[in-house]
Amino acid sequence: RNHLPSLEVFMRYLLKAIPKGMTRNSAGGASFAVDDWSRLDRFIILGSEGGSYYASERELTTQNCAAVMRCLAVDGPRAVERIAQLSESGRAAKNDPAIFALALASNVASAKTAAMAAFPRVCRTGSHLLTLVKMLKGYRGFGRALRRAIAGWYGSRQPSELAYQLLKYRQRGQWSHRDA
């Protein structure tokens, strides 16, 4: 019994023996680091709602938001295209992370045009559109480009489809289609 090292000594030994390419993770152990593009994919697919066992929701969302912003800074149009592809693929449990990332992209100069063009691809329902409007109103104004993109969403729908969206999703998050 006296010959066994303590858990703290054992963890220090393991952390010293971390191979190259690995970093300390939220649990205090070691894991392989992922690049920002992989983190963007994970965020769009998994989101950060509820956090994880070792990281709080707030901490995980902050880290993912920083990764999304770095991807947008490096190559905005590529990041927006990736957001739209993952949203359309149906791999994500919820569309809210993709809508959030698109809202972030609409504030980055290099990605703004691509983000406005991707609105109909990511916001496929009236609920998605109203969620996006709510997110955008939180940290930016409604400029001409944004008003044009929202009007394009309404104008791109067939009358019967638009009527369905307007009646089914009358209000989301204290926003109505009249507000939008």
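These lines cover the structure that appears in this document, whether it is placed above or below. Residue positions are given per chain, counted from 1 along the sequence in the order it is written. Only residues with pLDDT of at least 70 get local features here, since the model is predicted, and only at 80 or more are side-chain atom pairs given and counted; chain-wide, interface and lining totals rely on the full set of residues. Remark: hydrogens and water are excluded; side-chain values derive from all non-hydrogen atoms of the structure.

## A few points about the side chain of asparagine 64
Part 1: Position of asparagine 64 relative to the elements: it lies in helix H3 (residues 57-89).
Part 2: It only takes one pair of heavy atoms within 4.5 Å for two residues to be counted as in contact. If we skip the residues at most four places from it in the chain, asparagine 64 touches Arg39, Phe43, Gly47 and Ser48. Numbering of helices and strands runs from the N terminus; a helix is a DSSP stretch of H or I covering at least four residues, while a strand is a stretch of E covering at least two.

## What to know about the packing of aromatic side chains
Part 1: Pairing of aromatic rings covers Phe, Tyr and the six-membered ring of Trp, with a centre-to-centre limit of 6.5 Å; geometry is then stacked below 30 degrees between planes, edge-to-face above 60, and tilted otherwise. All chains considered together, the criterion is met by two aromatic pairs.
Part 2: Ring geometry for phenylalanine 43 versus phenylalanine 100: centroids 6.2 Å apart, planes at 75°, classification edge-to-face. One end of the pair, phenylalanine 43, is in helix H2 (residues 36-46); the other, phenylalanine 100, is in helix H4 (residues 96-105), with 57 residues separating them in the sequence.
Part 3: Exposure categories follow from relative accessible area, calculated using a 1.4 Å probe and restricted to protein chains: below 20% of the type maximum is buried, above 50% is exposed, and the middle band is partly exposed. Given the relative accessible area of 4%, phenylalanine 43 is considered buried.

## Some words on the layout of surface pockets
Part 1: A 1.4 Å probe that fits but cannot get out identifies a cavity on a 1 Å grid over protein atoms alone, an open set with protein on both sides within 12 Å along at least five of seven lines counts as a pocket, and a residue lines either if it has an atom within 4 Å of a point. Grid points are joined across faces, edges and corners, and a volume is the space filled by probe spheres set on the points. In this model, the second largest pocket occupies a volume close to 220 Å³.
Part 2: Around the second largest pocket, the lining comprises 13 residues; the ones closest to its centre are Gly47, Ser48, Glu49, Asp96 and Pro97.
Part 3: Counting residues per element, the ones that place at least two in the lining of the second largest pocket are H2 and H4.
Part 4: Three residue categories are used. Nonpolar comprises Ala, Val, Leu, Ile, Met, Phe, Trp, Tyr, Cys and Pro, charged comprises Asp, Glu, Lys and Arg, and polar comprises the others, including Gly. Here the residues of the lining of the second largest pocket sort into seven nonpolar, three polar and three charged.

## Some points on the packing of H4 against helix H5 (residues 112-122)
If you want to describe how two helices pack, look at the angle between their axes and the distance between the axes.
Part 1: Axis separation between H4 and H5 bottoms out at 9 Å; the angle between their running directions is 155°. In terms of orientation, H4 lies roughly antiparallel with respect to H5. For the pair H4 and H5, the crossing hand works out as left-handed. Taking contact as the criterion, the partners of Ala98, Ile99, Leu102 and Ala105 in H4 are, on H5, Lys112, Ala115, Ala118, Phe119 and Val122.
Part 2: A per-class count over the contact of H4 with H5 returns eight nonpolar, no polar and one charged. Axis lines are fitted to C-alpha atoms, over the contacting stretch for helices. Their N-to-C directions set the angle, which ranges from 0 to 180 degrees. Angles are sorted into four bins: roughly parallel if under 35 degrees, roughly antiparallel if over 145, roughly perpendicular if 65 to 115, and oblique for all others. Working rule for handedness: look at the near helix, and if it is turned counterclockwise from the far one by less than a right angle, call the crossing left-handed; if clockwise, right-handed.

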